Amino acid sequence: MEKIHVLGTGNAMVTQCFNTCYLLEMEQGNLLVDCGGGNGILRQLKAAGFDPASVHHIFLTHEHCDHLTGIVWMVRAVATAMNKGKYQGELHIYCHSGLEPMVRTICGFMLQKKMTAHFDERILFHVVEDGQREEICGHTFTFFDIRSTKAPQFAFLAGLECGRLAFMGDEPVNPACEEYAKGAQWLLSEAFCLDEEAEKFKPYEKHHSTAADAAKLAQRLGAKNLVLWHTEESDLAHRKARYTAEAARYFEGGIYVPDDLDVIELK
Ligand SMILES: [Zn+2]
(Lines give C-alpha, C1' and ligand atoms only; values in the text may rest on other atoms or scores of the structure.)
Protein backbone atom coordinates (compact mmCIF):
# COMPACT_ATOMS: atom_id res chain seq x y z
CA MET A 1 0.00 0.00 0.00
CA GLU A 2 1.13 3.56 -0.70
CA LYS A 3 2.15 5.46 2.40
CA ILE A 4 3.31 8.83 3.61
CA HIS A 5 6.18 8.53 6.06
CA VAL A 6 5.93 11.83 7.90
CA LEU A 7 9.45 13.03 8.65
CA GLY A 8 8.58 16.44 10.04
CA THR A 9 5.47 18.45 10.83
CA GLY A 10 6.62 21.83 12.07
CA ASN A 11 7.12 25.30 10.63
CA ALA A 12 10.49 26.91 10.01
CA MET A 13 11.42 27.80 13.59
CA VAL A 14 10.40 24.65 15.48
CA THR A 15 12.75 22.97 17.93
CA GLN A 16 10.58 20.18 19.38
CA CYS A 17 9.76 18.52 16.06
CA PHE A 18 11.31 18.59 12.58
CA ASN A 19 10.44 20.91 9.71
CA THR A 20 7.66 19.65 7.45
CA CYS A 21 8.86 17.08 4.93
CA TYR A 22 7.87 13.53 4.03
CA LEU A 23 8.69 10.42 2.11
CA LEU A 24 5.96 9.26 -0.26
CA GLU A 25 6.25 5.50 -0.57
CA MET A 26 4.93 3.97 -3.81
CA GLU A 27 5.16 0.44 -5.13
CA GLN A 28 8.11 1.16 -7.39
CA GLY A 29 10.05 3.47 -5.11
CA ASN A 30 9.76 6.60 -3.07
CA LEU A 31 9.83 10.38 -3.43
CA LEU A 32 11.28 12.61 -0.73
CA VAL A 33 9.38 15.88 -0.62
CA ASP A 34 11.55 18.65 0.83
CA CYS A 35 14.51 18.01 3.08
CA GLY A 36 13.91 20.06 6.20
CA GLY A 37 16.37 22.49 7.66
CA GLY A 38 19.50 20.43 8.12
CA ASN A 39 21.13 17.23 9.21
CA GLY A 40 17.90 16.19 10.97
CA ILE A 41 16.73 14.81 7.62
CA LEU A 42 19.20 11.93 8.07
CA ARG A 43 18.00 11.28 11.62
CA GLN A 44 14.35 11.34 10.60
CA LEU A 45 14.88 9.07 7.59
CA LYS A 46 16.76 6.59 9.77
CA ALA A 47 14.05 6.70 12.44
CA ALA A 48 11.47 6.03 9.73
CA GLY A 49 13.48 2.99 8.63
CA PHE A 50 14.98 4.37 5.41
CA ASP A 51 18.57 4.56 4.29
CA PRO A 52 19.35 7.73 2.28
CA ALA A 53 20.75 5.38 -0.36
CA SER A 54 17.20 4.09 -0.92
CA VAL A 55 16.07 7.56 -2.03
CA HIS A 56 16.23 8.13 -5.78
CA HIS A 57 13.78 10.98 -6.21
CA ILE A 58 13.67 14.28 -4.32
CA PHE A 59 11.31 17.17 -4.95
CA LEU A 60 12.20 20.58 -3.51
CA THR A 61 9.35 23.06 -3.21
CA HIS A 62 11.17 26.33 -2.56
CA GLU A 63 14.22 28.08 -1.23
CA HIS A 64 13.24 28.72 2.39
CA CYS A 65 15.76 27.27 4.83
CA ASP A 66 13.27 24.91 6.53
CA HIS A 67 12.67 23.12 3.21
CA LEU A 68 15.95 23.37 1.36
CA THR A 69 18.95 23.11 3.64
CA GLY A 70 18.68 19.37 4.25
CA ILE A 71 19.45 18.78 0.56
CA VAL A 72 23.11 19.37 1.40
CA TRP A 73 23.06 16.35 3.73
CA MET A 74 21.06 14.25 1.29
CA VAL A 75 23.52 14.96 -1.52
CA ARG A 76 26.39 14.24 0.85
CA ALA A 77 24.87 10.94 1.99
CA VAL A 78 23.96 9.80 -1.51
CA ALA A 79 27.30 10.88 -3.04
CA THR A 80 29.19 9.11 -0.26
CA ALA A 81 27.18 5.94 -0.92
CA MET A 82 27.97 6.32 -4.64
CA ASN A 83 31.67 6.69 -3.89
CA LYS A 84 31.58 3.51 -1.81
CA GLY A 85 29.75 1.57 -4.51
CA LYS A 86 26.67 1.35 -2.29
CA TYR A 87 24.18 3.32 -4.36
CA GLN A 88 22.24 1.89 -7.26
CA GLY A 89 21.55 4.10 -10.29
CA GLU A 90 20.81 7.80 -10.11
CA LEU A 91 19.38 10.43 -7.78
CA HIS A 92 16.80 12.66 -9.49
CA ILE A 93 16.18 16.11 -8.03
CA TYR A 94 13.04 17.95 -9.20
CA CYS A 95 12.75 21.69 -8.61
CA HIS A 96 11.82 24.95 -10.30
CA SER A 97 14.34 26.84 -12.42
CA GLY A 98 15.33 29.34 -9.72
CA LEU A 99 16.09 26.62 -7.22
CA GLU A 100 18.47 24.54 -9.31
CA PRO A 101 21.38 27.05 -9.22
CA MET A 102 20.84 27.51 -5.47
CA VAL A 103 21.20 23.79 -4.82
CA ARG A 104 24.31 23.65 -6.96
CA THR A 105 25.76 26.70 -5.20
CA ILE A 106 25.13 25.68 -1.59
CA CYS A 107 26.32 22.13 -2.24
CA GLY A 108 29.33 23.56 -4.10
CA PHE A 109 30.25 25.69 -1.09
CA MET A 110 29.66 23.06 1.58
CA LEU A 111 30.59 19.72 0.06
CA GLN A 112 33.80 18.23 -1.25
CA LYS A 113 34.34 18.10 -4.98
CA LYS A 114 34.31 14.30 -4.96
CA MET A 115 30.63 14.58 -3.95
CA THR A 116 29.42 17.34 -6.26
CA ALA A 117 31.32 15.66 -9.10
CA HIS A 118 28.24 13.42 -9.38
CA PHE A 119 26.11 16.37 -10.50
CA ASP A 120 24.93 15.82 -14.08
CA GLU A 121 26.46 12.32 -14.00
CA ARG A 122 24.48 10.40 -11.40
CA ILE A 123 22.78 13.24 -9.53
CA LEU A 124 20.44 14.70 -12.11
CA PHE A 125 18.40 17.89 -11.95
CA HIS A 126 14.94 18.04 -13.49
CA VAL A 127 13.75 21.62 -13.77
CA VAL A 128 9.96 21.73 -13.71
CA GLU A 129 7.79 24.44 -15.24
CA ASP A 130 4.23 25.33 -14.26
CA GLY A 131 1.97 22.47 -15.33
CA GLN A 132 4.83 20.12 -16.27
CA ARG A 133 4.27 16.39 -15.94
CA GLU A 134 6.90 13.90 -14.86
CA GLU A 135 6.69 10.13 -14.47
CA ILE A 136 8.07 9.18 -11.07
CA CYS A 137 8.00 5.57 -9.89
CA GLY A 138 5.37 4.74 -12.51
CA HIS A 139 3.00 7.57 -11.58
CA THR A 140 2.27 10.92 -13.18
CA PHE A 141 3.16 13.99 -11.14
CA THR A 142 1.94 17.36 -12.39
CA PHE A 143 4.05 20.12 -10.88
CA PHE A 144 2.62 23.59 -10.57
CA ASP A 145 3.54 27.07 -9.39
CA ILE A 146 1.53 27.90 -6.24
CA ARG A 147 1.82 31.64 -7.04
CA SER A 148 3.57 32.59 -3.85
CA THR A 149 4.43 36.23 -3.40
CA LYS A 150 7.18 35.40 -0.89
CA ALA A 151 9.45 33.16 -2.95
CA PRO A 152 8.69 31.03 -6.03
CA GLN A 153 7.22 27.76 -4.82
CA PHE A 154 6.00 24.65 -6.61
CA ALA A 155 3.70 21.84 -5.48
CA PHE A 156 2.18 18.84 -7.28
CA LEU A 157 -0.80 16.68 -8.07
CA ALA A 158 0.05 12.96 -8.22
CA GLY A 159 -2.05 10.23 -9.79
CA LEU A 160 -1.47 7.32 -7.43
CA GLU A 161 -3.03 3.88 -6.92
CA CYS A 162 -5.03 5.36 -4.04
CA GLY A 163 -6.36 8.16 -6.26
CA ARG A 164 -5.31 11.75 -6.73
CA LEU A 165 -3.01 13.23 -4.12
CA ALA A 166 -2.73 17.02 -4.09
CA PHE A 167 0.20 18.46 -2.19
CA MET A 168 -0.34 22.21 -2.01
CA GLY A 169 2.92 23.47 -0.45
CA ASP A 170 3.25 25.63 2.63
CA GLU A 171 0.93 28.53 1.83
CA PRO A 172 -2.85 28.98 1.53
CA VAL A 173 -4.16 27.61 -1.76
CA ASN A 174 -4.32 30.31 -4.43
CA PRO A 175 -7.67 30.28 -6.31
CA ALA A 176 -5.70 29.72 -9.54
CA CYS A 177 -4.50 26.37 -8.14
CA GLU A 178 -7.78 25.09 -6.68
CA GLU A 179 -8.40 23.01 -9.78
CA TYR A 180 -5.53 20.71 -8.78
CA ALA A 181 -7.11 19.98 -5.41
CA LYS A 182 -10.71 19.51 -6.55
CA GLY A 183 -12.08 16.12 -5.57
CA ALA A 184 -8.66 14.87 -4.50
CA GLN A 185 -8.52 11.64 -2.53
CA TRP A 186 -5.79 13.23 -0.42
CA LEU A 187 -5.26 16.93 0.15
CA LEU A 188 -2.03 17.83 1.92
CA SER A 189 -2.24 21.33 3.33
CA GLU A 190 -0.37 23.59 5.68
CA ALA A 191 -2.11 24.85 8.81
CA PHE A 192 0.01 27.16 10.87
CA CYS A 193 -2.22 27.24 13.94
CA LEU A 194 -5.77 26.94 15.22
CA ASP A 195 -8.31 29.56 14.20
CA GLU A 196 -9.00 30.17 17.89
CA GLU A 197 -5.34 31.09 18.36
CA ALA A 198 -4.91 33.22 15.24
CA GLU A 199 -4.51 36.35 17.36
CA LYS A 200 -1.57 34.75 19.13
CA PHE A 201 0.24 33.22 16.15
CA LYS A 202 -0.78 35.66 13.39
CA PRO A 203 -0.81 33.14 10.52
CA TYR A 204 -1.99 35.60 7.89
CA GLU A 205 0.99 37.90 8.35
CA LYS A 206 3.14 34.92 7.44
CA HIS A 207 1.00 33.82 4.46
CA HIS A 208 -0.26 30.76 6.31
CA SER A 209 -3.68 29.29 7.14
CA THR A 210 -5.46 27.98 10.20
CA ALA A 211 -6.82 24.46 10.63
CA ALA A 212 -10.31 25.89 10.07
CA ASP A 213 -9.27 27.61 6.82
CA ALA A 214 -7.77 24.40 5.43
CA ALA A 215 -10.82 22.38 6.49
CA LYS A 216 -13.26 24.82 4.85
CA LEU A 217 -11.25 24.67 1.64
CA ALA A 218 -11.11 20.87 1.69
CA GLN A 219 -14.88 20.75 2.18
CA ARG A 220 -15.57 23.24 -0.60
CA LEU A 221 -13.28 21.42 -3.03
CA GLY A 222 -14.72 18.01 -2.20
CA ALA A 223 -11.50 16.41 -0.98
CA LYS A 224 -11.83 13.00 0.70
CA ASN A 225 -8.97 13.19 3.19
CA LEU A 226 -7.09 16.14 4.62
CA VAL A 227 -3.57 16.15 6.07
CA LEU A 228 -2.55 19.19 8.13
CA TRP A 229 1.04 20.08 8.98
CA HIS A 230 3.66 22.86 8.95
CA THR A 231 2.29 24.02 12.31
CA GLU A 232 3.41 25.90 15.39
CA GLU A 233 4.64 23.71 18.23
CA SER A 234 3.30 25.26 21.43
CA ASP A 235 1.27 22.20 22.42
CA LEU A 236 2.53 19.20 20.44
CA ALA A 237 1.14 16.75 22.99
CA HIS A 238 -2.39 17.86 22.17
CA ARG A 239 -1.91 19.15 18.62
CA LYS A 240 -3.42 16.09 16.96
CA ALA A 241 -6.59 16.24 19.08
CA ARG A 242 -7.03 20.01 19.01
CA TYR A 243 -6.36 20.56 15.30
CA THR A 244 -8.49 17.54 14.37
CA ALA A 245 -11.37 18.83 16.48
CA GLU A 246 -11.25 22.27 14.88
CA ALA A 247 -10.98 20.90 11.32
CA ALA A 248 -13.85 18.47 11.97
CA ARG A 249 -16.22 21.39 12.52
CA TYR A 250 -15.84 22.33 8.84
CA PHE A 251 -14.77 19.15 7.00
CA GLU A 252 -16.64 15.86 6.80
CA GLY A 253 -13.82 13.72 5.38
CA GLY A 254 -10.84 12.03 7.00
CA ILE A 255 -8.59 14.34 8.99
CA TYR A 256 -4.96 13.57 9.72
CA VAL A 257 -2.80 15.76 11.92
CA PRO A 258 0.34 13.65 12.08
CA ASP A 259 3.17 13.75 14.55
CA ASP A 260 6.71 13.35 13.28
CA LEU A 261 7.35 9.75 12.16
CA ASP A 262 3.67 8.86 11.87
CA VAL A 263 2.86 6.71 8.84
CA ILE A 264 -0.27 7.56 6.87
CA GLU A 265 -1.64 4.68 4.85
CA LEU A 266 -3.04 6.04 1.60
CA LYS A 267 -6.34 4.29 0.98
ZN1 LIG B 1 7.99 26.36 5.34
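Keep in mind that what you see is a predicted model, and the values were worked out from it rather than measured.

### A closer look at the overall build of the protein
Along its length, the protein carries 9 helices and 14 strands. Taken over the C-alpha trace, the protein has a radius of gyration of 18 Å; the compact-globule value for 267 residues is 18 Å, and the two agree within 12%. Buried positions account for 55% of the 267 residues belonging to the protein. For the protein, contacts bridging at least 24 residues in sequence account for 62% of all contacts bridging at least 6. Accessible surface for the protein amounts to roughly 11,200 Å². Of this, 49% is attributable to carbon and sulfur atoms. Averaged over its 26 positive side-chain charges, the protein has a centre that lies 4 Å from the centre of its 37 negative ones.

### Considering the pairing of strand 10 (residues 163-167)
Examined bridge by bridge, strand 9 (residues 154-160) and strand 10 share 5 bridges and lie antiparallel to one another. Each residue of the ladder has a partner; that of Gly-159, found in strand 10, is Arg-164. Connecting strand 9 to the antiparallel partner strand 10 that follows it, the hairpin turn spans 2 residues. One ladder, built from 3 bridges, connects strand 10 with strand 11 (residues 186-190); its direction is parallel. Considered in strand 11, the bridge of Phe-167 is made with Leu-188.

### Notes on the pairing of strand 3 (residues 29-33)
Summarising burial for strand 3: 4 of the 5 residues are buried, a large majority. Two elements, strand 2 (residues 21-26) and strand 3, share 5 bridges in a ladder whose sense is antiparallel. Counterpart to Tyr-22 in the pairing with strand 3 is Val-33. Hairpin remark: strand 2 followed by strand 3, antiparallel, with 2 residues in the connecting loop. Pairing of strand 3 with strand 4 (residues 57-59) involves 2 bridges; the strand directions are parallel. Bridging from a neighbouring strand, Leu-32 pairs with Ile-58 of strand 4. For the crossover from strand 3 across helix 1 (residues 40-47) to strand 4, the handedness is right-handed.

### Regarding the pattern of salt bridges
As enumerated under the stated definition, the model contains 11 salt bridges in all. A salt bridge links Arg-104 to Glu-100, with the nearest nitrogen and oxygen atoms 2.8 Å apart. Note that Arg-104 and Glu-100 are positioned in helix 4 (residues 99-110) at a spacing of 4 residues, about one turn of the helix. What makes Glu-100 buried here is its relative accessible area of 16%.

### Digging into the coordination of the zinc ion
For the zinc ion, the full set of protein donor atoms is Asp-66 (OD), His-67 (NE2), Asp-170 (OD) and His-230 (NE2), at a range of 2.0 to 2.4 Å. Coordination at the zinc ion is irregular, judged from the 4 donor atoms that bind it and the angles of 87 to 171° they form at the metal. Here the donor residues for the zinc ion map to a single chain with the spacing D-H-x102-D-x59-H. Asp-66 sits in the buried class, given a relative accessible area of 4%. Classification of His-67 as buried rests on a relative accessible area of 3%.

### A closer look at unusual backbone geometry
Notably, Asp-34 is not glycine yet its phi reads approximately 65°, a positive angle. Looking at the secondary structure, you find Asp-34 in the loop between strand 3 and helix 1.

### A short note on the sheet that holds strand 7 (residues 133-136)
Strand order in the open sheet formed by 7 strands is 7-8-9-10-11-12-13, and the pairing between neighbours is mixed. Here the strands that pair on one side only, and so sit at the sheet edges, are strand 7 and strand 13 (254-256). Ignoring strand direction, the axes of neighbouring strands in this sheet form an average angle of 20°. The pairing of strand 7 with strand 8 (residues 139-145) spans 4 bridges and is classified as antiparallel. Note that in strand 8 the partner of Glu-135 across the bridge is Thr-140. Packing of helix 8 (residues 211-221) onto the sheet brings it into contact with strand 11 and strand 12 (225-229), and relative to strand 12 it is tilted by some 160°.

### Some thoughts on the packing of helix 3 (residues 70-83) against helix 4
Interaxial distance between helix 3 and helix 4 falls to 10 Å at its minimum, and their mutual angle equals 65°. Taken together, helix 3 and helix 4 sit at an angle that is classed as roughly perpendicular. The handedness of the crossing between helix 3 and helix 4 is right-handed. Listed contacts from helix 4 to Ile-71, Val-72 and Val-75 of helix 3 are Val-103, Ile-106, Cys-107 and Met-110. For the contact of helix 3 with helix 4, the residue count by class is 7 nonpolar, no polar and no charged.

Calculation notes
- Residues numbered from 1 in each chain as written.
- Predicted model: local features only at pLDDT ≥ 70, side-chain atom pairs only at ≥ 80, totals over all residues.
- Heavy atoms only, no water.
- Helix = DSSP H or I, 4+ residues; strand = E, 2+ residues; numbered from the N terminus.
- Rg over C-alpha atoms; globule rule 2.2 N^0.38 Å.
- Buried < 20%, exposed > 50% of the residue type's maximum accessible area, 1.4 Å probe, protein only.
- Contact = heavy atoms within 4.5 Å.
- Areas by Shrake-Rupley, 256 points an atom, 1.4 Å probe, with all protein chains shown as cover.
- Lys, Arg positive; Asp, Glu negative; His and termini not counted.
- Charge placed at Lys NZ, Arg CZ, Asp CG, Glu CD.
- Pairing = 2+ DSSP bridges.
- Right-handed = clockwise from strand over helix to strand, strands pointing away.
- Salt bridge = Lys/Arg side-chain N within 4 Å of Asp/Glu carboxyl O.
- Donors = N, O, S within 2.8 Å, 3.2 Å for Na, K, Ca; no water.
- Tetrahedral: all angles 85-135°; square planar, octahedral: opposite > 155°, others 65-115°.
- Axes fitted to C-alpha atoms, helices over the stretch in contact; angles between N-to-C directions.
- Parallel < 35°, antiparallel > 145°, perpendicular 65-115°, else oblique.
- Left-handed = near helix turned anticlockwise from the far one by under 90°.
- Nonpolar A, V, L, I, M, F, W, Y, C, P; charged D, E, K, R; others polar.

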